Amino acid sequence: MDFKSMNALVTGSTSGIGLGIAQRLAAKGMNVMLNGFGTPEQIEAAKESISSLGVRVGYHGADLSKPAEIEDLVRSTEELFGRVDVLVNNAGIQHVSPVESFDPARWDAVIAINLSAAFHTTRLVLPNMQSRNWGRIVNIASAHGLVASANKSAYVAAKHGVVGFTKVVALENAKTGVTCNAVCPGWVLTPLVQAQVDARAHKEGITIEEAKINLLSEKQPSQEFVTPEQLGGLVVFLCSEDANEVRGVAWNMDGGWVAQ
Ligand SMILES: NC(=O)C1=CN([C@@H]2O[C@H](COP(=O)(O)OP(=O)(O)OC[C@H]3O[C@@H](n4cnc5c(N)ncnc54)[C@H](O)[C@@H]3O)[C@@H](O)[C@H]2O)C=CC1
Ligand SMILES: CC(=O)CC(=O)O
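An account of the accompanying structure is given in this report. On a predicted model such as this, the values are computed, not experimentally measured, just so you know.

### Let's talk about the site of ligand 2
In the vicinity of ligand 2, the contacting residues are Gln 94, Ser 142, His 144, Lys 152, Tyr 155, Trp 187, Leu 192, Gln 196 and Trp 257. A distance of 2.8 Å is found between an oxygen atom of ligand 2 and a side-chain nitrogen or oxygen belonging to Gln 94. In this structure, Lys 152 approaches ligand 2 through a side-chain N or O atom, which is 2.8 Å from an oxygen atom. Relative to its unbound accessible area of 240 Å², ligand 2 is 96% covered by the protein chains. Judged by the fraction of its atoms near the pocket grid, ligand 2 is located in the largest pocket. Classifying every residue of the shell around ligand 2 gives four nonpolar, four polar and one charged.

### Notes on empty space enclosed by the protein
Enumeration over the complete set of coordinates arrives at one cavity of 30 Å³ or more. Reported here for the largest cavity is a volume of approximately 80 Å³. Taken together, 13 residues line the largest cavity, and the ones lying closest to its centre are Asn 89, Asn 90, Ala 91, Asn 114 and Ala 118. The set of elements that each furnish at least two residues to the lining of the largest cavity consists of helix H4 (104-132), strand S5 (135-140) and helix H5 (153-172). Top element by residues in the lining of the largest cavity is H4. It accounts for four residues. The residue makeup of the lining of the largest cavity, split by class, is seven nonpolar, five polar and one charged.

### Considering the environment of Ala 243
Tracing the backbone through its elements, the reader meets Ala 243 in the loop between helix H8 (228-239) and strand S7 (250-253). The class for Ala 243 is buried, based on a relative accessible area of 0%. Taking the C-alpha atoms as reference points, Ala 243 and Leu 231, separated by 12 residues in sequence, lie 15 Å from one another. Not counting the four nearest positions on each side in its chain, Ala 243 is found in contact with Arg 136, Thr 179, Phe 237 and Leu 238.

### Let's talk about the sheet that holds strand S6 (residues 178-185)
The sheet built from seven strands is open, its strands ordered S3-S2-S1-S4-S5-S6-S7 with parallel pairing. Looking at strand neighbours, the two that pair on one side only are strand S3 (57-60) and S7, the edges of this open sheet. Sheet twist, expressed as the average angle between the axes of neighbouring strands with direction ignored, equals 20 degrees. Note: S5 against S6, six bridges, orientation parallel.

Reading guide: rules and limits
- Residues numbered from 1 in each chain as written.
- Chains lettered and ligands numbered in written order.
- Predicted model: local features only at pLDDT ≥ 70, side-chain atom pairs only at ≥ 80, totals over all residues.
- Heavy atoms only, no water.
- Near = heavy atom within 4 Å.
- Polar contact = N/O pair within 3.5 Å; in protein donor to acceptor, adjacent residues only side chain to side chain.
- Areas by Shrake-Rupley, 256 points an atom, 1.4 Å probe, with all protein chains shown as cover.
- 1 Å grid on protein atoms, 1.4 Å probe; cavity = no way out; pocket = protein on both sides within 12 Å on 5 of 7 lines; lining within 4 Å.
- Sits in = over half its atoms within 2 Å of the grid points.
- Nonpolar A, V, L, I, M, F, W, Y, C, P; charged D, E, K, R; others polar.
- Points joined across faces, edges and corners; volume = space filled by probe spheres on them.
- Helix = DSSP H or I, 4+ residues; strand = E, 2+ residues; numbered from the N terminus.
- Buried < 20%, exposed > 50% of the residue type's maximum accessible area, 1.4 Å probe, protein only.
- Contact = heavy atoms within 4.5 Å.
- Pairing = 2+ DSSP bridges.
- Axes fitted to C-alpha atoms, helices over the stretch in contact; angles between N-to-C directions.

Following this line, the structure appears as structure tokens:
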């Protein structure tokens, strides 16, 4: 399988896990369409980190809570590269609150960005993948797609939804060359988690370093953060020929979180 003739769309790839995955795919020779928010400098740096690997790079700022912008993102990627071979649904946000005080607007945003966006991108790329009888869809779920934690109702519901959706897409395409799988990371030290570390340090009156240790100790037996690069390596594997019969899995990479 020649990754060098392939094109990937990675949502939420201006930082964190998405950028790490985009860089690993680009290092294998895939052209990459980036998406996500950020300052012009951040977006330029993300693009440069991909183009410096000798592949083509595009950027589209679609807000994934808006289906019309998702349609434009997919259409623009197909126009730029000719087709989408690999779709990585990665964009996500977090909101932490008990159910009774959970802001309904935050609930809607988490469900839209973390779950519904994956439905929209998938429904839009599938027909062309099916007509070519090849495609890879990788959904970045979470350990929270397999088990729950208090105060994360929307996130846990969305991530469990992503795992369920992944299985359905895998089954509907099981007799084709299109596979769909989920990756379920444990803690990764990205802006999404740094905000929780900072909040914890503030609330408990401890240092940022102590807050990181406490966060890991609670859930992640390895006591080490998973890295975006490691997750990128797993996505590269799921895109390979060796993964032709990996279908509908929810593959955790979580330092032992869900083994407990
Ligand atoms: N950091 C962690 O410990 C874990 C993260 N995840 C998941 O990994 C994915 C990436 O998260 P991180 O890299 O940690 O977070 P991050 O905050 O570093 O990156 C999120 C990305 O999504 C983009 N984004 C946010 N809202 C968007 C919107 N409305 N439209 C388009 N793009 C939007 C951001 O601009 C950014 O590029 C998320 O789905 C998250 O739930 C899963 C397990 C663990
Ligand atoms: C483990 C994750 O998915 C991150 C979180 O719960 O905030």
